[in-house]
Amino acid sequence: ITCYGGLIIPPGTAFSVYNQDNGDIPYTLNISGDIDHSGNIYAEKENSKILFNGSSVQNFNSTGTYSSITGTAGISVLETDNPSGVNLTGNGTAVTKSIIKTNGTFHIGDCFLELYGDITRTNGYLGGNSNSELFIYGTGNAGNLYFESSADSLKLLSMNRSSSGAINLATNLYIDQS
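The paragraphs below set out a description of the structure included in this document. (Residues numbered from 1 in each chain as written. Predicted model: local features only at pLDDT ≥ 70, side-chain atom pairs only at ≥ 80, totals over all residues. Heavy atoms only, no water.)

1. Concerning the overall build of the protein
Filter applied, for reference: Secondary structure is summarised from DSSP: a helix means a run of H or I of at least four residues, a strand means a run of E of at least two, and numbering begins at the N terminus for each. Put simply, the radius of gyration uses C-alpha atoms, and a globule should come to 2.2 Å times the residue count raised to 0.38. For every residue, the accessible area (1.4 Å probe, protein chains only) is compared with the maximum for its type, and the residue is labelled buried under 20%, exposed over 50%, or partly exposed between those bounds. Contact definition: two residues touch when any of their heavy atoms are within 4.5 Å. Every accessible area reported is derived by Shrake-Rupley at a probe size of 1.4 Å, with residue values counting cover from the shown protein chains alone. None of His or the chain ends enter the tally, which takes Lys and Arg as positive and Asp and Glu as negative. Positions of charges follow a simple convention, taking NZ of Lys, CZ of Arg, CG of Asp or CD of Glu.
Within the protein one finds zero helices and 23 strands. Radius of gyration (C-alpha) of the protein: 15 Å, near the 16 Å computed for a compact globule of 178 residues. Seen along its three principal axes, the alpha-carbon backbone of the protein occupies a region of about 45 × 35 × 30 Å. When the 178 residues of the protein are sorted by exposure, 44% land in the buried category. Of the contacts formed within the protein by residues at least 6 apart in sequence, a portion of 48% connects residues at least 24 apart. Counting every atom, the protein has about 8000 Å² of accessible surface; 45% of that belongs to carbon and sulfur. Of note, the protein has its 7 positive side-chain charges centred 7 Å away from the centre of its 15 negative side-chain charges.

2. Overview of the environment of Val 57
Within the element layout of this structure, Val 57 appears in the loop between β9 (49-52) and β10 (58-62). Distance from Val 57 to Val 86, taken between C-alpha atoms, is 5.7 Å for residues 29 residues apart in sequence. Val 57 has contacts with Asp 34, Asn 82, Ser 84, Gly 85 and Asn 87, leaving out every residue within four places of it along the chain.

3. Quick look at the packing of aromatic side chains
Where two aromatic rings form a pair, the distance of their centres and the angle of their planes describe that pair. Using the following cut-off: Stacked, edge-to-face and tilted labels apply to pairs of Phe, Tyr and Trp rings (six-membered ring for Trp) whose centres lie within 6.5 Å, assigned for plane angles under 30 degrees, over 60, and everything in between, in that order. The rule for a charge over a ring is simple: NZ of Lys or CZ of Arg within 6 Å of the ring centre, and within 35 degrees of the ring normal.
Tallied over the entire structure, the rule returns three aromatic pairs. Between Phe 135 and Tyr 137, the aromatic rings sit 6.3 Å apart at their centres with planes inclined by 10°, giving stacked as the arrangement. An aromatic cluster of three or more residues is present, and its members are Tyr 116, Phe 135 and Tyr 137. Taking the ring centre of Tyr 146 as reference, the NZ or CZ of Arg 121 above it sits at 3.9 Å.

4. Describing the environment of Pro 11
With respect to the element layout, Pro 11 can be found in the loop between β2 (7-9) and β3 (14-16). On the basis of relative accessibility, which here comes to 62%, the residue Pro 11 falls in the exposed class. Between the alpha carbons of Pro 11 and His 37 there is a distance of 8.2 Å; along the sequence they are 26 residues apart. Excluding anything up to four places from it in sequence, Pro 11 contacts Ser 38 and Gly 39.

5. A short note on the sheet that holds strand β11 (residues 65-66)
The following threshold applies: Whether two strands pair comes down to DSSP finding at least two bridges between them.
Strand order in the open sheet formed by three strands is β3-β8-β11, and the pairing between neighbours is parallel. The sheet is open, and its two edges are formed by β3 and β11, each paired on a single side. As paired elements, strand β8 (residues 40-42) and β11 share two bridges and run parallel to each other. By the bridge assignment, Ile 41 is partnered in β11 with Tyr 66.

Everything listed here is a matter of coordinates, which is why it stays silent on function.
Right, dumping it as structure tokens:
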């Protein structure tokens, strides 16, 4: 699915990133504009992906809900391939399988980001501020966390992975839980 503009999911509506009628085949939503999500997103099925690939700053306003048919609500795969970056606004979001940072920075902003899977990086970063909250759950090794040098702070960092799980902090990160 390719969206050359923005996507609005109003309250009382839903948008699915997989084919619910034919075996739950996952889709990739390639979007070059903003997402205003105040309805319901169905994107938790294995390999359902939202790919932010614009050229100017994109916003992901997330105040809606996510389906939890698989038991964990959220987006299976979230990828940022935008050199100008993506700003998370609203409440926050959850990624159930993988966050892929190909290019640009995914700014958590004044929101929360929950990660239940792994982190893959080509050339991208996470960005935070003194109001950002990052929760890392799951099992196994999550990968490397890279924060943009001008956005390398969080209000809260919570990690709860199994005893065999690990995450490597590859850049400076400042926690400001005041």
